[in-house]
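Listed below, chain by chain, are the residues.
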Amino acid sequence: MDVLINIGVAVIAGGLAAVATAFYYRRRANRRIRALSSMIRRLMVGDLDTELNLEEVDSNDLADLTESINKLAVELRNVIQRISGERNTMAALLHNMSDGIISTDIEGRVTNINEAARNILALPVNTRLEGRSFMQVVRDHEVNNLLQQTLRDGQERIQMLEVGPRRPQLQVKITLIEPKPGQVDSLPQPPSRNALVVLQDLSELMRLERVRRDFVANISHELRTPLASIKLMTETLQNIMEDDPAEAAQFLTRIDTEIDGLTQLVRELLELSRIESGQVKLNLRGTDLRQLVEQAAERLRPQAARSGLKVVVVRGSDESFPLALADPDRLMQVLINLIHNAIKFTPVGGTITLGIAHERASDRIVIRVSDTGVGIPPDDLDRIFERFYKVDKARAGNETGTGLGLAITKHIIQAHNGEVWATSEFGSGSTFSFAVPIFQFL
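Let me begin by describing the structure that accompanies this report. Quick caveat: nothing in here was measured; it's all calculated off a predicted structure. (Residues numbered from 1 in each chain as written. Predicted model: local features only at pLDDT ≥ 70, side-chain atom pairs only at ≥ 80, totals over all residues. Heavy atoms only, no water.)

## Considering the nonpolar core
Line of reasoning, step 1. If you look at the biggest cluster of nonpolar residues, it comprises 46 residues, and the most contacted ones within it are Leu289, Leu331, Ile352, Leu354, Ile384, Phe432 and Phe434.
Line of reasoning, step 2. At 9 residues, the largest contribution of residues to this core is made by helix α10 (residues 328-344).
Line of reasoning, step 3. Not counting chain neighbours up to four residues away, the residues in contact with Leu331 comprise Leu289, Leu292, Ala326, Ile413, His416, Phe434 and Val436.
Line of reasoning, step 4. In this structure, Ile102, Val110, Ala195 and Leu199 belong to the second largest nonpolar core, which totals 24 residues. (Core = buried A, V, L, I, M, F, W, Y, C linked by side-chain atoms within 4.5 Å. Buried < 20%, exposed > 50% of the residue type's maximum accessible area, 1.4 Å probe, protein only. Helix = DSSP H or I, 4+ residues; strand = E, 2+ residues; numbered from the N terminus. Contact = heavy atoms within 4.5 Å.)

Right, here's the structure in full:
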């Protein structure tokens, strides 16, 4: 009987021990599983720095699972860092591009817009535009219609348009971005199609092309006219050489004048080309511009007097007038050109006034050449410094120039880090002004 009792007690004790052991290991297993579950949840919300300690896990199966999850976290972290780096690089590229970039979703809502697009369309910098409709952002029906057509049929479209309040000449390119084959099936939620709108401002390029065409047309005209005249006079000269020597001499004089004009044109073209290409080196030094203005006035007073004009110099009485940082020979060239133009466009009895002043606010010296001549029409005022641009040859009487003098003037002043401009009241005279920096003593 005692034996049976002892056996029963042993069985019960063994069962309790087994139950306790099973309960203990079950709790440990549950704790490890909860830890793994917690780690997976943290990975799912983007906490890629989480990691479990393998020493706390003595089960080979759980240890292998834990190690695999840790490796997965490391790989995910590396992938995210690489993607973030690429995204930052792409964002920097978009930010610094000169072309405007706008991306939209399939419904035409803006998903991204770079700074260049904001500038081209004159949009506020700090206003969030993502999520708005494309039409609300660009405010142009033609561009919006192009986008809608591309979203419907997937065809790329390129068109020249004037878009935005400043109406720049834009090449608008709209492309549909499709996900690559093979990527869609591997994703739980396939990406939708997007549209990419590229706004390329070609206004300056078109302006330069227009200047190039004008230059070719002008140089052709400037060369064709004197060459045709020389050919005609030469043919006439051959016929009258023996019969009328006096008339032949006059033709020779006119041929010589035309050749001088062609020589001046070629000389000024070469001069302008050298200045524009930076081949002309300025001899900058401290220069007394008051003295330079007086010398220029004295040189052209005889020519002005022959045209019935007066040349007056007006300057301040400041004894401490500063020197300018300038090349005196080049600025003399500018002054001679401006005074000569004033003489050419001022009728008899007029006055040409040269003024000089120290502009203290900007620390520069300003020289003005004013006349009481015929003036410049407002539509021509902005273009007078272009090569070959002439307002009206008839206004200069019989005396014409190459149309390069003011272009050379502009480039010389710009090479001095200065500024040149003109003001005029049509019919009442014009004022040409330029400013150069003062000489700073070390």
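## A look at the pattern of salt bridges
Line of reasoning, step 1. All chains considered together, the criterion is met by 9 salt bridges.
Line of reasoning, step 2. A salt bridge links Arg109 to Glu107; the nearest nitrogen and oxygen atoms lie 2.2 Å apart.
Line of reasoning, step 3. According to the relative accessible area criterion, Arg109 is partly exposed, its value standing at 36%.
Line of reasoning, step 4. Between Glu419 and Arg364 there is a salt bridge, with its nearest N and O atoms 3.0 Å apart. (Salt bridge = Lys/Arg side-chain N within 4 Å of Asp/Glu carboxyl O.)

## So, the sheet that holds strand β11 (residues 419-425)
Line of reasoning, step 1. If you walk across this open sheet you meet the 5 strands as β7-β9-β10-β12-β11, and the pairing is mixed. The two strands at the open ends of the sheet, each matched to only one other strand, are β7 (310-315) and β11. Across the sheet, the axes of successive neighbouring strands diverge by a mean angle of 15 degrees, strand direction being ignored.
Line of reasoning, step 2. Strand direction decides the pairing type here: strand β10 (residues 364-371) and strand β12 (residues 429-437), joined by 7 bridges, are antiparallel. Bridge pairing links Arg364 to Pro437 in β12.
Line of reasoning, step 3. Packing against the sheet, α10 makes contact with β9 (351-359), β10 and β12, and its axis sits at approximately 175 degrees to β12.
Line of reasoning, step 4. Strands β11 and β12 of the sheet are contacted by helix α12 (residues 405-415), whose axis makes an angle of about 135 degrees with β11. (Pairing = 2+ DSSP bridges. Axes fitted to C-alpha atoms, helices over the stretch in contact; angles between N-to-C directions.)

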